[in-house]
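Overview (structure and organization)
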Amino acid sequence: QVQFVESGGGLVQPGGSLRLSCAASSSIFRIYAMAWYRQAPGKQRELVAGISGGGRTNYADSVEGRFTISRDNAKNTVYLQMNSLIREDTAVYYCNRLVLVPGALWGQGTQVTVSS
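Residues numbered from 1 in each chain as written. Predicted model: local features only at pLDDT ≥ 70, side-chain atom pairs only at ≥ 80, totals over all residues. Heavy atoms only, no water.

1. Describing the overall build of the protein chain
Counting its secondary structure elements, the protein chain contains zero helices and ten strands. Written out in order from the N terminus, the α and β elements of the protein chain read β-β-β-β-β-β-β-β-β-β. What you see for the protein chain is a C-alpha radius of gyration of 13 Å, in line with the 13 Å of a compact globule of 116 residues. Counting only C-alpha atoms, the protein chain reaches 40 × 25 × 20 Å along its principal axes. Looking at the protein chain alone, contacts between residues at least 24 apart form 55% of all its contacts between residues at least 6 apart. Positive and negative charge centroids in the protein chain, built from 11 and 7 side chains respectively, lie 6 Å apart. (Helix = DSSP H or I, 4+ residues; strand = E, 2+ residues; numbered from the N terminus. Rg over C-alpha atoms; globule rule 2.2 N^0.38 Å. Contact = heavy atoms within 4.5 Å. Lys, Arg positive; Asp, Glu negative; His and termini not counted. Charge placed at Lys NZ, Arg CZ, Asp CG, Glu CD.)

2. Side note on the sheet that holds strand 10 (residues 110-114)
By way of backbone hydrogen bonds, the strands of a sheet pair with one another, either parallel or antiparallel. Here we have six strands laid out as an open sheet, ordered 2-10-9-4-5-6, and mixed in their pairing. Every interior strand has two partners, whereas the edge strands, strand 2 (10-12) and strand 6 (57-59), have only one. Across the sheet, the mean angle from the axis of one strand to that of its neighbour is 25 degrees, orientation sign disregarded. Bridge count for strand 4 (residues 34-39) against strand 9 (residues 91-97) is six bridges, and the pairing is antiparallel. (Pairing = 2+ DSSP bridges. Axes fitted to C-alpha atoms, helices over the stretch in contact; angles between N-to-C directions.)

3. A few points about the state of the cysteines
What the rule picks out here adds up to one disulfide. Cysteine 22 shares a disulfide with cysteine 95; S-S distance 1.8 Å. Every disulfide takes its handedness from the sign of the S-S torsion; for cysteine 22 and cysteine 95 that torsion is 55 degrees, giving right-handed. Here cysteine 22 is found in strand 3 (residues 18-24), whereas its partner cysteine 95 is found in strand 9, with 73 residues between them in sequence. The exposure classification of cysteine 22 matches that of cysteine 95, with both residues buried. (Disulfide = S-S within 2.5 Å. Buried < 20%, exposed > 50% of the residue type's maximum accessible area, 1.4 Å probe, protein only.)

The following block contains the structure:
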């Protein structure tokens, strides 16, 4: 299976920005529709944004207009640009395939904390 390594999280004030990166272990990643997910304390993991192999994107209502997902297939990497961050964006962020397969592997994620 392709493995994913997330990075770029941190502590940011409300209204700030962060850019997350997700590196895939294999170039087969290029044919996958990919997504960013997040899990806040005490909540289930939720889909944040998705991108097809050809670059078509979709977003959760809660982040529409603030977050931008993109991909660089030459680098086997998916990005999540997060602007106008709010406290409710605090979570561990993960990347994975948009269509999850049974037994899908998850990386360690990257922590995003929005706080003043």
